[in-house]
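Structural overview
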Amino acid sequence: MLAFLGTTALVLVAGAPWALLAAAGGEDLESPQNVEVSIIDDVFLLKWNSSESVGNVTFSADYQTPGMHNWIELPGCQYITGTMCDFSSVKLSVFEKIQLRIRAEKGNRTSPWHEVGSFIPFRKAQIGPPKVHLKAEDKAIIVNISPPGTKDSLMWAMDILSFTYSVVIWKNSSSVDERTETVYPGVENKLPSPENIEVDVKDQSYVLKWDYTYENMTFQAQWLRAYFKKILGNHSDKWQQIPGCENVRATQCVFPQKVFSKGAYFLRVQASDGNKTSFWSEEKRLDTEMQTVILPPVISMKSVDNSLHIYIGASKETENKSTSQHYPLIYEIIFWENTSNAERKILQKKTDFIVPNLQPRTVYCVKARAVIEDEKWNKSSVFSDILCEKTKPGNTSITWIIAGVCTALFSIPVAIYVVKGLLRCINYVFFPSCKPPPNIDQCFSEQSLKNLLLSASEEQTERCFIIENSYSLVTVEETSQVDEDHKQYSSQTSRDSGNYSNEDENSGSKTSRELLQQGLV
């Protein structure tokens, strides 16, 4: 008994992995490959390839839409033995994202899920060929064309009236004489629809423009909110007339921006001539955010020392509705010297700022533009008018001027004082104002001055006679320097009382001459 139980236990243990794999939906099959979705008109097809033997395995698919937390079996794609399934019967919104997944199954064995990336059916759908019926009448052929899709088509419900058809006609025996015609089925004498719809912005208004083949036509334009395109059903009654675009004779119309609030819209145009009307034009999408036009700013500036004080203001046309109220603006300022082409650029968020450290007494020119600071899209205005201004002398120049003036004011008195002192010395030395006493002045007579300037070889000599009591005369030549005589005379006069008499000198010299004459006799 124990041996039997042991054998049974071993069998259960050995079979446990297989049992667990089967119970959990074992994934030992390969997933489908090259899975793709094909949508033509209202026909939805799911196609794939598989390495498993076709016929031995089946394939099942699920789907999921936004807001769903669980996967739901995809009708028409359950236990398929081939490599394609049709899920056209599913009532899905053609404007809503959908996600698919598919796997292979064989008994209790399954493959891993292969998920298909999410997609929007309307964007992925292709227009199928229309149905054509021909009827011959005499020398004419009546062509009846049915629009693509089914009668209650959801895919083209809003576009069925916008279809035009290109019909190629040729003889059965030759393809050389092919002829192509653009026709509008079910309508006789229908006018062509306007083409090349464009929307521009001017000031605070939108300008809707289009092209048309014929002249002297009347046009009208309508608008529809873009979100209606995402809602299933026919919304032809939701189109509204654009103010100012009714019974327009030109190929454009102007209407104010306030007609549309912030958001996305579709616009269309129709031509008419009396009772004849055209199909509506191709719809033009208008995004009010993308159509925002930024007008150039108005700049003014003032020179402050060696700097420029720049002021940036909004254009007069945007004073009532400033773009900066809805979008953050930055300003790109470009400035350069008037005599140079080297430009410098700065970015500022302020509307009042100073550009420092410029060259003094130099003419600078400035221009600016506004730029929207947004991650989604980059938009800017054109540059403003160019404004030029000359900088004033800087603080450094004024300082040097003040220092120079102060130095000059201080140096002028000093120079005057020095010159006056120098003149005083010159006058004192060369042009004395007071004269010495007569007894001193005689020493500096012209003859004395000449003697002072004579050299030693030109010194004068005097003959002196000594008269003795014995009446014998001895002639002695005595040579003396003018300077020594001057010293003796000066010392003699200094010992006098100051009274000098010319008479004594004359009498003495006279006596000497008389004695000399007597001796000679």
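What counts, and at which threshold
Sequence order as written defines the numbering, with residues in each chain counted from 1. Local features in a predicted model are, by the rule used here, given only for residues with pLDDT of at least 70; side-chain atom pairs are given and counted only at 80 or more, and totals for whole chains, interfaces and linings are based on all residues. The basis for every side-chain value is the complete set of non-hydrogen atoms in the structure, without hydrogens or water. Strands here mean DSSP runs of E at least two residues long; helices mean DSSP runs of H or I at least four residues long; both are numbered from the N terminus. Whether a residue is buried, partly exposed or exposed follows from its accessible area with a 1.4 Å probe, protein chains only, as a fraction of its type maximum: under 20%, in between, or over 50%, in that order. Two residues form a contact once any of their heavy atoms are found within 4.5 Å. Accessible areas in this description were obtained via Shrake-Rupley with a 1.4 Å probe; residue shielding takes into account the shown protein chains only. In this scheme, strands are said to pair when DSSP sees at least two bridges between them. Axis definition: a line fitted to C-alpha atoms, over the contacting stretch in the case of helices. Angles run 0 to 180 degrees between N-to-C directions. Only one rule defines a salt bridge in this text: a Lys or Arg side-chain nitrogen within 4 Å of an Asp or Glu carboxyl oxygen. Polar contacts, as used here, are pairs of N or O atoms within 3.5 Å; protein pairs need one atom able to donate a hydrogen and one able to accept it. Residues neighboring in sequence count only if both atoms are side-chain atoms. What is meant by a nonpolar core is a set of buried Ala, Val, Leu, Ile, Met, Phe, Trp, Tyr and Cys residues, joined one to another through side-chain atoms within 4.5 Å. To count as a disulfide, a pair of cysteine sulfur atoms needs to be within 2.5 Å. Within the patch definition used here, like charges are joined within 9 Å and nonpolar side chains (Val, Leu, Ile, Met, Phe, Trp, Tyr) within 5 Å, considering only residues with over 30% relative accessible area and no salt bridge. Within this scheme the basic residues Lys and Arg register as positive and the acidic residues Asp and Glu register as negative, but His and the chain ends are omitted. To locate a charge, take atom NZ for lysine, CZ for arginine, CG for aspartate or CD for glutamate.

Comments concerning the overall build of the protein
- When its secondary structure is counted, the protein shows seven helices and 30 strands.
- Across the 521 residues that make up the protein, the buried fraction comes to 28%.
- In the protein, the share of contacts with a sequence separation of at least 24, taken over all contacts with a separation of at least 6, comes to 57%.
- Summed over all atoms, the accessible surface of the protein reaches about 35900 Å², with 52% contributed by carbon and sulfur.

Quick notes on the sheet that holds strand E21 (residues 298–304)
- The antiparallel open sheet is built from three strands, whose spatial order is E21-E22-E25. At either margin of the open sheet sits one strand with a lone partner, and together these are E21 and strand E25 (352–355). Going across the sheet, the axis of each strand differs from the next one's by a mean of 25°, ignoring polarity.
- When E21 meets strand E22 (residues 307–313), the two strands line up antiparallel, connected through seven bridges. Bridge pairing in E22 places Ser300 opposite Tyr311.

Overview of the pattern of salt bridges
- Counted under the stated rule, the structure contains seven salt bridges.
- Ionic pairing is found between Lys284 and Glu198, a salt bridge with its closest N-O pair at 4.0 Å. You can see Lys284 sitting in strand E20 (residues 284–287) and its partner Glu198 sitting in strand E13 (residues 195–202), a full 86 residues away along the chain.
- The class of Glu198 is partly exposed, set by a relative accessible area of 41%.

Quick notes on the side chain of Thr362
- Examined against the element boundaries, Thr362 turns out to sit in the loop between E25 and strand E26 (363–372).
- A polar side-chain atom of Thr362 sits 3.1 Å from the main-chain carbonyl oxygen of Pro360.

With respect to the nonpolar core
- Membership of the largest hydrophobic core comes to 33 residues, with the highest contact counts inside it found for Val37, Leu46, Trp48, Leu74, Phe87 and Leu100.
- Of all the secondary structure elements, the ones that give two or more residues to this core are strand E1 (33–40), strand E2 (43–49), strand E3 (58–64), strand E6 (98–106), strand E8 (114–119) and strand E11 (165–169).
- Take this core: its biggest share by element is four residues, from E6.
- Ignoring any residue separated from it by four or fewer positions in sequence, one finds Phe87 in contact with Val37, Phe44, Leu45, Leu46, Leu74, Pro75, Cys77 and Leu100.

Regarding the state of the cysteines
- Across all of its chains, the model carries three disulfides by this definition.
- Ordinal numbering of bonded cysteines along the protein defines a disulfide pattern of 1-2, 3-4, 5-6.

Things to note about a positive patch on the surface
- Taken together, Lys97, Arg123, Lys230 and Arg285 make up a surface patch of like positive charges.
- Examined against the element boundaries, Arg123 turns out to sit in helix H2 (residues 121–124).
- Take Arg123: its relative accessible area is 70%, and that puts it in the exposed class.

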